[in-house]
Amino acid sequence: LKEVLAQKIPVWRDEIKSFVKEHGDKKIGDLTIGHAYGGMRGLKAMVCDTSEVPPDKGLLIRNTPLKELQHTQPEEIFWLLCAGEMPTDEQLADLQADLKARAKKIPEYVFAVIDAMPKDSHPMCMLDTGILALERESEFRKGYDAGMKKDQYWEPTLEDSLNILAWEPIIAAYVYRRHAGKEPFRIAPDDKLAWGPNYAHMMGFDDPKFYDLMRLYLVLHSDHEGGNVSAHTCHCIGSALSDPYYAVSGGLNGLAGPLHGLANQECLGWLLQVLEQFKGVPSNEVLEKFAWDTLNSGKVVPGYGHAVLRITDPRFDIFKEWGGKNIPEDPVYQLMAKTFDVVPEVLKQIKKIKDPWPNVDAASGSLLYHFGLKEFPYYTVLFSVSRTMGMCSQLIMSRGWGEAIERPKSVTTAWMKAQAAKA
Ligand code: HAX
C-alpha cells in the first residue's frame with residue numbers, strides 16, 4: 001500500500017496545488033446566518049476524496065456505490081479508500097499479512113490502562129482511552145520531532161494508521177469481554193482469519209454467519225465523507241498535526257454521541273421496548289401509535305433521519321436484505337423490517353423533519369442481537385472499528401496533499417445582529 005501511495009500522492013498533491021493556485025478565488029457557495037447557527041449544515045467548506053454522500057444516492061466510496069462493494073472484505077475497502085482503486089489479490093494478501101504481523105506487536109500496557117477503569121465505564125470511553133494511551137507509539141510524532149519534511153508527513157501517518165487498525169480490534173474485543181464480564185477477557189487472534197472475522201473470534205463468536213455479518217458491518221460503516229462529527233473532528237485535530245492516535249481517539253469521542261454513532265444502541269433499545277411492551281411484534285397501527293408517543297414525549301425516533309441523506313440509507317437496505325436472507329424468522333429482525341413500513345409515514349407528517357427515512361443505525365442492532373451480541377452499549381465500538389478506516393484514510397490524504405490547519409472565524413451574536421441589520 002505504501003508503494004502504491006508513494007506513486008499516487010505526489011501526483012495528487014501537485015494536481016491540488018496547481019488547481020488551488022489557479023482557481024482558489026472562485027466562489028462555491030453562500031454563507032448565511034442560518035448556516036452559522038445551524039451546525040454549518042450543507043456548507044461546502046472542506047474536502048474529502050475518500051468518499052462522498054450524494055443526498056439522493058447514499059455513500060459512494062471513491063465513486064463506487066456501496067451496493068457494488070457489499071461482498072468485499074474491509075481490508076479491500078481500506079485499500080480502496082486510500083488508493084482510489086481496489087487491490088489485486090496479491091496486494092490484499094500483502095495488506096492482510098501486514099496487519100496480522102502488526103497485531104502481534106500490540107503494547108501490553110494498553111490493557112493495564114483499560115483495567116484501571118471501572119468495568120461499567122462506557123465501552124466507547126474504554127476504547128477511546130485505549131487508543132489515546134497508545135499515542136506513545138506514534139511514528140508521526142517521532143518523525144515530526146526528528147524534523148521530517150512536510151511532503152513526508154503521509155508516510156508515518158500511514159504507519160500509525162496501520163498500527164491502529166491492527167490493534168483496535170484486539171482492544172475492542174478486550175473491552176467487550178471485560179465490560180460483559182466474560183472470562184477470559186482476552187482470546188488470542190486466529191492467524192487463519194481475516195481482519196473482520198478475527199475481531200468476531202476475539203470477542204468469542206465463532207459462527208460463520210456472524211463472521212460474514214461482521215465482515216459486512218465493517219464494510220458498511222467504513223466512511224461517510226468528511227463533514228460528519230467523527231470524521232470532521234478527526235480531521236480538525238489532525239490538521240494541527242496532532243498524530244493519528246490523538247485524532248482518531250478524538251473522532252471516536254464524537255461518534256459516541258446519541259445523534260451520531262450511539263444511535264444504533266438507542267435504536268435497538270427502542271425495538272426491544274416495543275417487543276416487551278406488546279409481547280411480540282405488534283400490528284402496524286400499534287407501532288404507529290408507539291412512534292407518535294415517542295415523538296410526543298419529546299424524543300427522536302432513533303435510526304431515522306439524516307443530516308445529508310434524503311432517501312433510505314443504502315446501508316440500511318443492505319443490512320435488511322442480509323437479514324431477510326439469513327435470519328428472516330427472528331422477531332427483532334421482523335420488527336425492524338416492519339418499522340420501516342410504518343415510521344417514515346409518521347415522520348413525513350412532521351414538517352420540520354427533512355429526511356423521514358431510516359439510516360444505517362435502524363438495522364444493524366437487530367442483526368447483532370440475533371447472534372447473541374446483546375450488550376448494546378457496545379454497538380458503537382463495532383462502528384468505531386470500522387469508521388477508523390475512513391478517519392485514517394482521510395488523514396493520510398490530508399497529510400499527503402499538505403492541508404492547512406483548520407481555523408474558521410467565529411463571530412459574536414452581536415456581530416451577527418449588526419450584519420443582519422446592514423443586510
Ligand atoms: N425523530 C424525531 N425528530 C427528528 C428526527 C427523528 N428521527 N429526525 C429529525 N428530527 C427533528 C430534529 O430533531 C430537528 O428538530 P428541532 O428543529 O426541534 O431540533 C428537526 O427534525 C429538523 O432536523 P433535520 O434537519 O431533519 O435533521 P438534522 O440534520 O438536524 O439531524 C439527525 C439529523 C440524524 C441528528 C436527526 O435526524 C436525528 O436526531 N435522528 C435520530 C438519531 C439518529 O438516528 N442518528 C443517527 C444518524 C446517522 C449517523 O450519524 N449514524 O452514526
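Below is a short write-up of the structure. Source: prediction; values computed, not measured.

Here the focus is the nonpolar core. Formed by 114 residues in total, the largest nonpolar core has its most connected members in Leu5, Phe78, Tyr199, Met203, Leu373, Tyr378 and Leu382. At 14 residues, the largest contribution of residues to this core is made by helix 8 (residues 154-180). The residues touching Phe78, leaving out its near neighbours within four places in the chain, are Leu1, Leu95, Leu162, Leu165, Met389, Cys392, Ser393 and Ile396.

Turning next to helix 12 (residues 244-255). The terminal C-alpha atoms of helix 12, which comprises 12 residues, lie 16 Å apart, in line with the 16 Å expected from a rise of 1.5 Å per residue. For helix 12, the tally of buried residues reaches 10 of 12 residues, placing the bulk of the element in the interior. Buried within helix 12 we find Pro244, Tyr245, Ala247, Val248, Ser249, Gly250, Gly251, Leu252, Gly254 and Leu255. Against the buried residues of helix 12 lie helix 6 (123-133), helix 7 (139-145), helix 8, helix 11 (229-239) and helix 18 (379-400). The distance from a side-chain oxygen at the start of helix 12 to the backbone nitrogen of Tyr245 is 3.0 Å, and the residue carrying that oxygen is Asp243.

The next subject is the environment of Ala362. Along the polypeptide, Ala362 turns up in helix 17 (residues 361-370). Linking Ala362 and Val286, residues 76 residues apart in sequence, is a C-alpha distance of 19 Å.

In this section: the sheet that holds strand 3 (residues 64-65). With respect to topology, three strands assemble into an open sheet ordered 1-2-3, the strand pairing being antiparallel. Of all the strands in the sheet, the pair left with one neighbour each is strand 1 (51-52) and strand 3. By the bridge criterion, two bridges tie strand 1 to strand 2 (residues 60-61) in an arrangement that is antiparallel. When the sheet's bridge partners are listed, Ser51 is paired in strand 2 with Ile61.

Parameters at a glance
Residues numbered from 1 in each chain as written. Predicted model: local features only at pLDDT ≥ 70, side-chain atom pairs only at ≥ 80, totals over all residues. Heavy atoms only, no water. Core = buried A, V, L, I, M, F, W, Y, C linked by side-chain atoms within 4.5 Å. Buried < 20%, exposed > 50% of the residue type's maximum accessible area, 1.4 Å probe, protein only. Helix = DSSP H or I, 4+ residues; strand = E, 2+ residues; numbered from the N terminus. Contact = heavy atoms within 4.5 Å. Expected span 1.5 Å × (residues − 1). Polar contact = N/O pair within 3.5 Å; in protein donor to acceptor, adjacent residues only side chain to side chain. Pairing = 2+ DSSP bridges.

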